[in-house]
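Coordinates in review
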Amino acid sequence: MDKIKKRIIRFNEERDWDQFHSPENLAKSIAIEAGELLECFQWNSAFSKNAVCEELADVMIYCMLLADKLEVDIEEIILDKIKKNEEKYPVDKCKGSSKKYTEI
Ligand SMILES: [Mg+2]
């Protein structure tokens, strides 16, 4: 993760793009790229794995930039969230079920 984060930051520093990366702009960019990811599946279930991977990478890059901008460790916040999800969705009540935690 750290190697990737440094590579992303170097890419942006070389282009002086950090000036455009407010938390709000990065959050919007995540949603925009998520829309482009969905576009890969528009109209039918056939999709280009290469195109999906490119959009997935775009989403992840903006997620990493937002975490960096907020000065939080992305691995730490993901692990914290998984822990919360484990409490929300105990295995004995949720295994094999797609119900929301409010319905279990
Ligand atoms: Mg894209």
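Residue indices follow the written sequence of each chain, beginning from 1 at its first position. Local features in this predicted model are restricted to residues whose pLDDT is 70 or higher, and side-chain atom pairs enter the listing and the counts only when it is 80 or higher, whereas totals over whole chains, interfaces and linings include all residues. Note: side-chain values were computed over all heavy atoms of the structure, leaving out hydrogens and water.

The name given to the protein in an unreviewed UniProt entry is NTP pyrophosphatase (Non-canonical NTP hydrolase), and the organism recorded there is Dielma fastidiosa.

This part takes up the coordination of the magnesium ion. Donor atoms (N, O, S) are those found within 2.8 Å of the metal centre, with the cutoff raised to 3.2 Å for Na, K and Ca; water is not part of the atom list, so apparent gaps in a site can occur. The coordination sphere of the magnesium ion contains the protein donors Glu33 (OE), Glu36 (OE), Glu55 (OE) and Asp58 (OD), at a distance range of 2.1 to 2.2 Å. Taken in chain order, the donor set of the magnesium ion reads E-x2-E-x18-E-x2-D. Separated by 25 residues along the polypeptide, Glu33 in helix H2 (residues 23-39) and Asp58 in helix H3 (residues 49-69) bring together distant segments of the chain. Each residue's exposure class comes from its accessible area (1.4 Å probe, protein chains only) as a fraction of the maximum for that residue type: buried when under 20%, exposed when over 50%, partly exposed otherwise. Here Glu33 falls in the buried class, since its relative accessible area comes to 10%. In this text, helices come from DSSP runs of H or I with a minimum length of four residues, and strands from runs of E with a minimum of two, each type numbered from the N-terminal end.

Attention shifts here to a positive patch on the surface. Residues forming no salt bridge and having over 30% relative accessible area are the ones grouped into patches, like charges within 9 Å of each other and nonpolar side chains (Val, Leu, Ile, Met, Phe, Trp, Tyr) within 5 Å. Every accessible area reported is derived by Shrake-Rupley at a probe size of 1.4 Å, with residue values counting cover from the shown protein chains alone. For this document, the term salt bridge refers to a Lys or Arg side-chain nitrogen within 4 Å of an Asp or Glu carboxyl oxygen. Neither His nor the chain ends is counted toward charge; the positive residues are Lys and Arg and the negative residues Asp and Glu. Where a charge lies is defined by one atom per residue type: Lys uses NZ, Arg uses CZ, Asp uses CG and Glu uses CD. A cluster of basic side chains, namely Lys81, Lys84, Lys88 and Lys100, defines a positive patch on the protein surface. With respect to the element layout, Lys88 can be found in helix H4 (residues 74-88).

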